[in-house]
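# Examining the three-dimensional arrangement
Next come the chains, spelled out residue by residue.
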Amino acid sequence: MENGKFSRVLSKTVYTSTLACMMAIPIMAQESDTAPAVDDATEVIEVKGIRQTIQDSISIKRLSTSIVDGLSADDIGDLPALSIGEALETLTGASSHREQGGATEISIRGLGPFLGSTVFNGREAANGSGDRSVNFSQFPSELFNKIAIYKTQEASLIEGGVSGQISLETVKPLDYGKTRFQAQVKGNWNPGESDINNSAQDFGSRITASFVDQYETDNIGDIGFSIGVQKDLKSNPEQEARTTSGWASCKIDPSDTGSGLYNSGDCGSSGTNNLNLEVDPATGVAPDQGVPYIFVPSSYSYRQNITEDDRESIFAAVQWRPSETFEVNIDAQYSDRVFQETRNDFLFPNSRRPDSANVSRDGQLPVDLVITDEGSLVSATYLQRPETISAFQERMEEYKGGGISFIYDVSDVLSISSDFSVSKTERRENIYETRLRTSNTDINGNSVSGTDANGYAEAAIVVGQDGSLIPLMTLRNFDVNNAEAFANASEVRTRVDTNQFRNNTITAFRTDFEYLTDSEVISQIKGGVRYSKLEYVGYPRTREEYTDFNDADALKAGITNCKNDSFPESGFLSSVTGGQPLFTNLDDDGNVIAQGTGNTYATFDPLCIATMSIGSAPVFPDPEDTVAKVDVEEKTTAVYLQADYDTLIGDYGVRGNFGIRYVTTDVTSLGLRGPLETTTAINQEGLEVITSIDLVSGAELIEVAGGSSYSELLPSLNVVVDVSDDVLLRGAVYRALSRPSPSDMGFGRSFNGLADESEEVESIDVAIGTATANGNPNIKPFTSWNADVAIEWYPNEDTILAFGTYYKSFEGGFENVSTTETFTVDGQELDTLVTVQQTNNDTSAIYGVEMTATHAFSYLPSIWSNFGVKLSYNWADSDFEVEDTNFGSSNIVAADGTVIQRVGIVDPAEIFGFSDTVMSGQFYYQDGGFNAQLIYKYRSEYFQQYLSTPGNLRYVGSTGVYEARVSYKVNKNLKVSVEAINLFDEPKRQFIPSPNNFGEINVYGPRIYVGIQYKL
């Protein structure tokens, strides 16, 4: 049985069993209520482990005055998950985006991470991605002791979360109240890593230590401190089948041989649509509206990775209480992560030239051109010139955060507090890569079988058929494992990139007061003011490119010395090919040739081959100012006033809060303009191609500034009604906002013609014909009016059955507007059509329902009393629409101000990150110190933005992942554990630019950890 089918069957079984168990709760609860009273002398059993964690989670939800789901642990390191992201996914409505096999960004109620916010100890946290989400893989779960998701707003919460706010808390030493030393060692084994030859990290390790203590002194009062450190060293094996991020749409019109599929060359360039879809005002119809088309990338490729991931973290806190009325808290967090990856890519770079239906079949492979009604390629034939790219990437990300706060009790009823904090993230990403292309003769001067005079080979592609999830390639007489065939000395190319250089800093100060009243209705009044400044600088890629190699003797020596004797990994992509080979090599009669058939290809050592190409080891360039640079400063001031109430209305207890928050924000965004120059190279056909467009060195740069200001009033009301001792009714009405990502407020420009690195651009008109704005300084925040209603039943401390519904009415949507801008390139003034994404006055809505059901079967006989379940479910629907920048509908503003409508050929996506269904289920067993859990997490398809081109649609397919955890507490000091994520090797599938058009697949395999924990 295939993994996907097995997962679906198992998930249905788990959920059916869980729901059946939940249906029995009312009867069992009634039986429990009739049990005899417990005598005072009866031994009280203290609940620990996973059952206690779930009880604490129920308690957090029940006692809150807003709609909250959370997890807490009495001890540091006891949150039941390998990472913060994995822990958050167990809460109702929370789901993650997976990268490198782990949970990273978190979405709340199926909405995208940009609609939520995250705070550490009540403070905003910076990140290196350029958005406002938090990469939770950067932070160790062992050093937090409480996480919560606030799904409704309170005036006292920092604004920024339409979908909700994630709150992470570290321990406060005095409040913790006991001395604790803890050490934990986990060994990591990833089964996929065992298939890699000469793995950088066969087994990983995760070592954590923490210490908490308190002191009472006669002179300076009470003081406590805590410190936690972690060293996490592991691998993240990943196998990939890929396309380029830049796509073209090519019309299928046999009468038009000058463009589209029947063109003799490429049928389109990156980001282009060669259908004329601009509406003719005279007819109201676009000329090519309804004409068939095909989506094509510039290349299909496969990537084998060898990785090493090294993270070091330190968290520390000091809590000082010099008197009963004054308290000082100081905390700091540091995390440094270095991720290194060796990439072995095999590319088919001529994928914009599929053979048309009328091509002569003489000599062609027996594969027909098949295209779906939506323009997705199913199968085709090509002339391809295969190439290899050997690359090394390293990403370095450093986080520093912390602050100091003061609390002063002016009197028994009045308290004031202040907090100053800084959060800073620096991200650097460096890459060097060397491309080798095939030739018709190998390094020894012998003819390369299967190639023509220019090194091209007959190839055919079949995408996602017969059980395969990925494209499979067939070639005629060409051996993809023959390293000596990649002997085209004139087209050796090495690129050395500083790929990302980003700094994000948030500085904030706030002061608050709390006043206890003697009113029978209003229990407390609180208020405060907060000021924050966000600074984000993102440099575009800086590149040194070496293309003047052309030394056949040196290439021969380089290939001989740098080629890998065998493919670095066994079983490469075999889990997603449906039992078929990745490459099939056929002879002239259609017989399979064993050599060249399989899942391997020629690979080279990246450093060795790059040093051969350059003549020395690669040196990464410094970042440079270009027209694509993003430099944003955002200043925000917020004031709020909130009243908490707790009273009786008739026989019902009513509690909650109401308040108002006023926010004003000023955004300044700087960009650079100036004369540009092209960098060119000569390709194999002897044609000059453009490789980059940069600011003229030494030329005077003109700084342009943009930005906006806005003010918003955010009222909120939360109500909790105690219908009975075990039934609560909740409601909330509030207005919320989510700000655009810092990178979305840039004033830079990126030329679409050069976006696809595997595409050769010969014309300057093509290179700069269209451009995408790197953000919009005038983009406004997302605001919404929201309403929530929920009913919750708590029959006992192990059980909750909660149903809720919510509605969000958005004020504003996204639209693409294209205008013409003039750039000076090589001394010529050239017009470029620049597409900007901006907010408009459209309204849209999201509505949804969520359910939480938790129960322990403690009343059942024998071992059955040790079982328990938790089920979370969220469903939502929306009429929000995001159009694709290149292939969606758009308005084009001509030079004279005339607005021309462009018809879209791709349906709009839902709001970024929106999944209509999110659910998770836990089935656990606990007997004394023994705990076992099986967890299932599901998230339906969603739109995942690209950071640099947020208007380009990319979908991540529906995913269901299983996890398991087993632990045994040997005694009060010692615990052993085994944990596993992605048990059944669920891949991540991506589709571009429509939901069914193959874009990429990532295969991670399971991750297994074995640990031992010691507490003193």
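What counts, and where the lines are drawn
Residues numbered from 1 in each chain as written. Predicted model: local features only at pLDDT ≥ 70, side-chain atom pairs only at ≥ 80, totals over all residues. Heavy atoms only, no water. Buried < 20%, exposed > 50% of the residue type's maximum accessible area, 1.4 Å probe, protein only. Helix = DSSP H or I, 4+ residues; strand = E, 2+ residues; numbered from the N terminus. Arc of directions from axis to C-beta. Contact = heavy atoms within 4.5 Å. Polar contact = N/O pair within 3.5 Å; in protein donor to acceptor, adjacent residues only side chain to side chain. Pairing = 2+ DSSP bridges. Disulfide = S-S within 2.5 Å. Axes fitted to C-alpha atoms, helices over the stretch in contact; angles between N-to-C directions. Parallel < 35°, antiparallel > 145°, perpendicular 65-115°, else oblique. Nonpolar A, V, L, I, M, F, W, Y, C, P; charged D, E, K, R; others polar. Core = buried A, V, L, I, M, F, W, Y, C linked by side-chain atoms within 4.5 Å. Phe/Tyr/Trp six-rings, centres within 6.5 Å; stacked < 30°, edge-to-face > 60°. pLDDT = per-residue confidence, 0-100.

Quick look at helix H6 (residues 552-562) now. Those residues of H6 that fall on the buried side of the exposure criterion are Leu555, Gly558, Ile559 and Cys562. Along H6, the residues classed as buried sweep out an arc of 95° about the axis, all on the same side. H6 presents Asp553 and Asn561 as exposed residues on the side facing more than 90 degrees away from its buried surface. In this structure, the buried residues of H6 make contact with strand S19 (414-437) and helix H7 (606-614). Its side-chain oxygen 3.2 Å from the backbone nitrogen of Asp553, Asp551 forms the N-cap of H6.

Attention now moves to the sheet that holds strand S21 (residues 471-476). Here we have six strands laid out as an open sheet, ordered S16-S17-S20-S21-S25-S26, and mixed in their pairing. With partners counted over all chains shown, the strands left at the sheet margins are strand S16 (370-371) and strand S26 (592-598), one partner each.

Here the focus is the state of the cysteines. Applying the stated criterion across every chain, the model contains one disulfide. A sulfur-sulfur separation of 1.9 Å characterises the disulfide bridge that pairs Cys562 with Cys608. Around the S-S axis, the bridge from Cys562 to Cys608 shows a dihedral of about -70° and counts as left-handed. With Cys562 in helix H6 and Cys608 in helix H7, this residue pair connects regions lying 46 residues apart in the sequence. We classify Cys562 as buried; its relative accessible area is 2%. Look at Cys608 and you get partly exposed, because its relative accessible area is 25%.

A few words on H7. For H7, the set of buried residues is Pro606, Ile609, Ala610, Met612 and Ser613. Each buried residue of H7 lies within a common arc of 160° when the element is viewed along its axis, so the set occupies one face. Packed against the buried residues of H7 are strand S15 (326-348), strand S18 (387-409), S19, strand S22 (493-516) and H6. Put simply, Asp605 is the residue that caps the front of H7, since its side-chain oxygen is 3.3 Å from the backbone nitrogen of Leu607.

All right, on to the packing of H6 against H7 then. Interhelical geometry of H6 versus H7 gives an angle of 170° and a closest axis separation of 9 Å. The orientation of H6 with respect to H7, classified from their angle, is roughly antiparallel. Of H7, the residues touching H6 (which contributes Ala554, Leu555, Gly558, Ile559, Asn561 and Cys562) are Cys608, Ile609 and Met612. Along the lines of polarity and charge, the residues of the contact of H6 with H7 split into seven nonpolar, two polar and no charged.

Glancing now at the sheet that holds strand S7 (residues 164-169). With mixed pairing, five strands are arranged side by side in an open sheet as S1-S6-S7-S4-S5. One side of each edge strand has no neighbouring strand; the edge strands of this open sheet are strand S1 (68-72) and strand S5 (123-124). In terms of strand pairing, S1 meets strand S6 (residues 146-150) through five bridges, oriented antiparallel. The residue of S6 that forms the bridge with Leu71 is Ile147. Across the sheet, helix H3 (residues 49-63) is in contact with S1 and S6; its angle to S1 comes to roughly 145°.

By size, the foremost hydrophobic cluster in this structure holds 50 residues, and its most contacted members are Tyr302, Ile470, Leu573 and Phe583. Within the second largest apolar cluster, 45 residues are counted, among which are Leu115, Met745, Tyr806 and Tyr955.

Once that is clear, we can look at the packing of aromatic side chains. For the structure shown, the criterion picks out 35 aromatic pairs. For the pair Phe583 and Tyr601, a centre-to-centre distance of 6.1 Å together with 85° between the ring planes defines the contact as edge-to-face. Taken together, the residues Phe583 in strand S25 (residues 583-586) and Tyr601 in the loop between S26 and H7 connect sequence positions 18 residues apart. Both residues of the pair, Phe583 and Tyr601, count as buried. Ring centres of Phe912 and Phe943 lie 6.1 Å apart, and the angle between their planes is 65°; this geometry places the pair in the edge-to-face category. Taken together, the residues Phe912 in the loop between strand S42 (899-902) and strand S43 (917-927) and Phe943 in strand S45 (residues 942-943) connect sequence positions 31 residues apart.

Caution applies to low-pLDDT parts of the model: their predicted coordinates are not meant to be read in detail. Per-residue confidence for the protein averages 86 on the pLDDT scale, and 89% of its residues sit at or above 70. Confidence, read as mean pLDDT per element, is least for helix H2 (residues 25-33) in the protein (40) and greatest for S25 (97). Contacts from residues 1-45, a stretch scored under 50 in pLDDT, to residues over four places away or in other chains number 37 contacts.

Moving on, we get to the side chain of Thr425. Mapped onto the fold, Thr425 is located in strand S19. Within the structure, the side chain of Thr425 is placed 3.2 Å from the backbone oxygen of Ala126, a separation counted as a polar contact. Leaving out residues up to four positions away in the same chain, Thr425 has contacts with Ala126, Asn127, Gly128, Glu397, Glu398, Tyr399, Arg502, Asn503 and Asn504.

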